[in-house]
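Topology and contacts: notes
If you want the building blocks of each chain, they are given just below.
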Amino acid sequence: MKSQGFTLVETLVVVVILTVIATLAFPLTNRMLVQARIAESSNNLRNLVIANQGYEVDHGFYCPADNQGNTLRWHGKRSTTGARFDAAEGLLAPYLGKSRRVGICPLFRAMVDDERSFEAGTGGYGYNAAYIGGKPGNHWDRTTKLRSSERASNVWDPARTVMFTTTAYATASGLQEYPYCEPPFWDYGSGPSGQRSSPSVHFRANGKALVAWCDGRVTAETNNRDSAHGDNPHGGESKSHPLGWFGSEDLNGAWNPRRP
């Protein structure tokens, strides 16, 4: 007996069922994808802490954020201040494995065009240059011309002191990479000044920022949305992007390793 094919009604029923299944499955798949990206980004941050701890063991102080000529930074090196960074020649490069490069945050990859970014090579992460990769007052080593950075022994509470975070910077043309996670207030050497910095901590992990602490932990922190934003000299509107700060801001909060 010759088998009959599906009727039009039966075909439509199958299509509807498959559509419903796909509709229900998509949010779950999307959540799983985001969680996987958050896990990968957290691992990148953890590797940065390990690299910086290795640098500190070898040199007696954490990796300097940059040099006085602004041609060498923790994440890359460039020939002049207007050139692009070589991401395999940064100060942390020897501690980042065979690639010598910072791992790229998968949450950030689709947000920024490296050809337009003046800070390409950071991977979407920023260093606590104000207090770990440097010291308030901008001190420089006379011989190496590198920024004088902090010693691990002076970080009173590593579990509550920021080393790296997810970062970005708002310009008139959109978000770009940014190498530093700026504290809530500029510190010129005599304590937080009360003058706001332009926020660079980026809350892109389900509305939270990924934070790598000096003890190696990585956590997700919530934005202080009521915080005022500082001036932006590049025409960016920080409030229109998920940028800000987290935690207490007293004495620059978790950025300052010597706070009481």
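Okay, so let's go over this structure. Owing to the predicted nature of the structure, the values given are computational and were not obtained by experimental measurement.

1. Structural notes on the overall build of the chain
Counting its regular elements, the chain contains one helix and twelve strands. Reading the secondary structure of the chain in the N-to-C direction produces α-β-β-β-β-β-β-β-β-β-β-β-β. Buried residues in the chain amount to 46% of all 260 residues. Of all intrachain contacts in the chain linking residues separated by at least 6 positions in sequence, the fraction that spans at least 24 positions is 65%. Counting only carbon and sulfur atoms, one obtains 55% of the accessible surface of the chain, whose full area is about 13400 Å².

2. Regarding the state of the cysteines
One pass over the structure, following the stated rule, counts zero disulfides. With no disulfide of its own, cysteine 181 lies closest to cysteine 214 among cysteine sulfurs, the gap being 9.8 Å.

3. Describing the environment of tryptophan 140
Within the secondary structure, tryptophan 140 sits in the loop between β3 (125–127) and β4 (162–166). Under the relative-accessibility criterion, tryptophan 140 is labelled partly exposed at 25%. Every residue in contact with tryptophan 140, bar those within four places of it in the chain, is listed here: Asp66, Asn67, Gln68, Lys145, Leu146, Arg147 and Ser148. Within the structure, tryptophan 140 has its side chain in polar contact with the backbone oxygen of asparagine 138 (distance 3.3 Å).

4. Re the sheet that holds strand β10 (residues 208–213)
Strands pair in a sheet through their backbones, by hydrogen bonds, and they do so in one of two ways: parallel or antiparallel. In space, the four strands of this open sheet follow the order β3-β4-β10-β11, with antiparallel pairing throughout. A single partner strand is all that each edge strand has here, and the edge strands are β3 and β11 (218–222). Here the average twist between neighbouring strands, direction ignored, is 30 degrees.

5. Observations regarding the environment of aspartate 231
If you trace the backbone, aspartate 231 turns up in the loop between β11 and β12 (243–244). Through-space distance from the C-alpha of aspartate 231 to that of serine 197 is 7.0 Å; in sequence the pair is 34 residues apart.

6. With respect to the nonpolar core
Residues Leu45, Leu48, Trp74, Leu92, Tyr127 and Phe164 are the most contacted members of the largest nonpolar core, which totals 40 residues. Within the residue set of this core, elements represented by two or more residues are α1 (8–59), β3, β4, β5 (169–171) and β10. Counting residues per element, this core draws most heavily on α1, which supplies seven residues. With near-sequence residues (within four places) excluded, phenylalanine 164 lies in contact with Leu45, Leu48, Val49, Asn52, Trp74, Leu92, Gly126, Tyr127, Leu210, Val211 and Ala212.

7. Observations concerning unusual backbone geometry
Excluding glycine, a negative phi dihedral is what most residues carry, and trans is how most peptide bonds are arranged. Positive phi values are uncommon outside glycine, yet arginine 100 reaches one of about 60 degrees. With a relative accessible area of 29%, arginine 100 lands in the partly exposed category. Non-glycine residue asparagine 252 carries a positive phi angle of around 70 degrees. In this structure, asparagine 252 sits in the segment after β12.

8. Observations regarding the packing of aromatic side chains
Counted under the stated rule, the structure contains nine aromatic pairs. Look at tyrosine 55 and phenylalanine 61: their rings are 6.3 Å apart centre to centre, the planes differ by 55 degrees, and that puts the pair in the tilted class. On the accessibility criterion, phenylalanine 61 (27% relative accessible area) is partly exposed. Members of the aromatic cluster, joined through ring pairs, are Tyr55, Phe61 and Tyr95.

9. Quick notes on the pairing of β11
Here β10 runs beside β11; their pairing, made up of five bridges, is antiparallel. If you follow valine 211 over to β11, its bridge partner there is threonine 219. Counted along the chain from β10 to the antiparallel partner β11, the turn is four residues long, and its residue glycine 216 has a positive phi close to 100 degrees.

10. So, the pattern of salt bridges
A full pass over the atoms with the stated rule returns seven salt bridges. Close ionic contact of arginine 196 with glutamate 249 constitutes a salt bridge, the shortest N to O distance being 2.9 Å. Remark: glutamate 249 occurs in the segment after β12 and arginine 196 occurs in strand β8 (residues 192–196); sequence separation between them is 53 residues. We note that arginine 196, like glutamate 249, is buried. The shortest N-O distance in the salt bridge between arginine 217 and aspartate 215 comes to 2.9 Å. When its relative accessible area of 37% is taken as the criterion, arginine 217 is described as partly exposed. Residue classification places aspartate 215 among the partly exposed positions, given a relative accessible area of 33%.

Here is what the cut-offs are and how they apply
Residues numbered from 1 in each chain as written. Predicted model: local features only at pLDDT ≥ 70, side-chain atom pairs only at ≥ 80, totals over all residues. Heavy atoms only, no water. Helix = DSSP H or I, 4+ residues; strand = E, 2+ residues; numbered from the N terminus. Buried < 20%, exposed > 50% of the residue type's maximum accessible area, 1.4 Å probe, protein only. Contact = heavy atoms within 4.5 Å. Areas by Shrake-Rupley, 256 points an atom, 1.4 Å probe, with all protein chains shown as cover. Disulfide = S-S within 2.5 Å. Polar contact = N/O pair within 3.5 Å; in protein donor to acceptor, adjacent residues only side chain to side chain. Pairing = 2+ DSSP bridges. Axes fitted to C-alpha atoms, helices over the stretch in contact; angles between N-to-C directions. Core = buried A, V, L, I, M, F, W, Y, C linked by side-chain atoms within 4.5 Å. Phe/Tyr/Trp six-rings, centres within 6.5 Å; stacked < 30°, edge-to-face > 60°. Salt bridge = Lys/Arg side-chain N within 4 Å of Asp/Glu carboxyl O.

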